[in-house]
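Notes for the structure review
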Amino acid sequence: MKLIVLGATGGTGLEIVRQAMEHGHSVTAFARTPEPLKKFGDRVAVIRGDLLNSAELARVIAGHDAVLSGFGPRVPISKADASLLRHFAVALTSAMLQAGVARVVVESTAFLFKDSIMPPTYLFGRLFFPDTVMDASGMEGIFRKSGLDWTMVRPPRLTDKARTGNYRVREGHLPAFGFTISRSDVADFMIRAVENRTSIAKVVGVCN
């Protein structure tokens, strides 16, 4: 498959790029500052650009089979960033519709699982990261209304541990006692979701 990775220089994004190539996919990485991608050499097509620019996104997405976004939720560092994910979602959904590419897998956050008791992700998110909860929720809403073949992946706290391939997955919920997951295992699930297409229009909780 021809895959394009957004947020490709973040922790999850770099893992998506690396593992997608291991799976034999053709990979394009789109990033504002692509220097961290130099380690992949000419094995990946690297394009510098703005993730919030719909026209730029449409040009690079055209001709690909699917989009994987490791952009993920960010704790806002200023009021100007409080709606960053919603702006990203508007730009990406518009670009994909223009480019005629329907499949997208997006990293979101377990903070949005309102029924999670152990851990109490929604309560924790509302108490300590309310702006992130609101922004990520708005982002997911935009994808739901887009008509695209989306999948939302909601991990709990991310770690830099090695890929295990041994993680738990639950549709519509965070698995019980799902406190952490490695970025590499999140990437593993996202790539498999693109390959098997079984989670279209679904929200998925993943954890180690």
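I will try to describe carefully the structure that is included in this document. These figures come from a predicted structure and were not determined experimentally.

**Concerning the packing of aromatic side chains**
The tally for this structure, following the rule as stated, stands at 6 aromatic pairs. Between Phe111 and Phe124, the aromatic rings sit 6.1 Å apart at their centres with planes inclined by 40°, giving tilted as the arrangement. With Phe111 in the loop between strand S5 (103–107) and helix H4 (121–128) and Phe124 in helix H4, the pair connects residues that are 13 residues apart, well separated along the chain. Ring geometry for Phe111 against Phe129: centres 5.5 Å apart, planes inclined by 15°, an arrangement best described as stacked. Residue Phe111 is located in the loop between S5 and H4, and its partner Phe129 is located in the loop between H4 and helix H5 (130–144); the two are separated by 18 residues in the primary sequence. With relative accessibility at 17%, the residue Phe111 sits in the buried group. Its relative accessible area of 25% is what places Phe129 among the partly exposed residues.

**Observations concerning the sheet that holds strand S2 (residues 26–31)**
Taken in spatial order, the 8 strands line up as S3-S2-S1-S4-S5-S6-S10-S8 in an open sheet, and their pairing is mixed. Of all the strands in the sheet, the pair left with one neighbour each is strand S3 (45–48) and strand S8 (168–171). Direction aside, the axes of adjacent strands within the sheet are offset by 20° on average. In this structure, strand S1 (residues 2–6) lies alongside S2, joined through 5 bridges in parallel fashion. Within the sheet, the bridge partner assigned to Leu6 lies in S2 and is Phe30. Docked against the sheet, H5 engages S5, strand S6 (149–154) and strand S10 (202–207), running at close to 160° with respect to S6.

The rules behind the values
Residues numbered from 1 in each chain as written. Predicted model: local features only at pLDDT ≥ 70, side-chain atom pairs only at ≥ 80, totals over all residues. Heavy atoms only, no water. Phe/Tyr/Trp six-rings, centres within 6.5 Å; stacked < 30°, edge-to-face > 60°. Helix = DSSP H or I, 4+ residues; strand = E, 2+ residues; numbered from the N terminus. Buried < 20%, exposed > 50% of the residue type's maximum accessible area, 1.4 Å probe, protein only. Pairing = 2+ DSSP bridges. Axes fitted to C-alpha atoms, helices over the stretch in contact; angles between N-to-C directions. Contact = heavy atoms within 4.5 Å.

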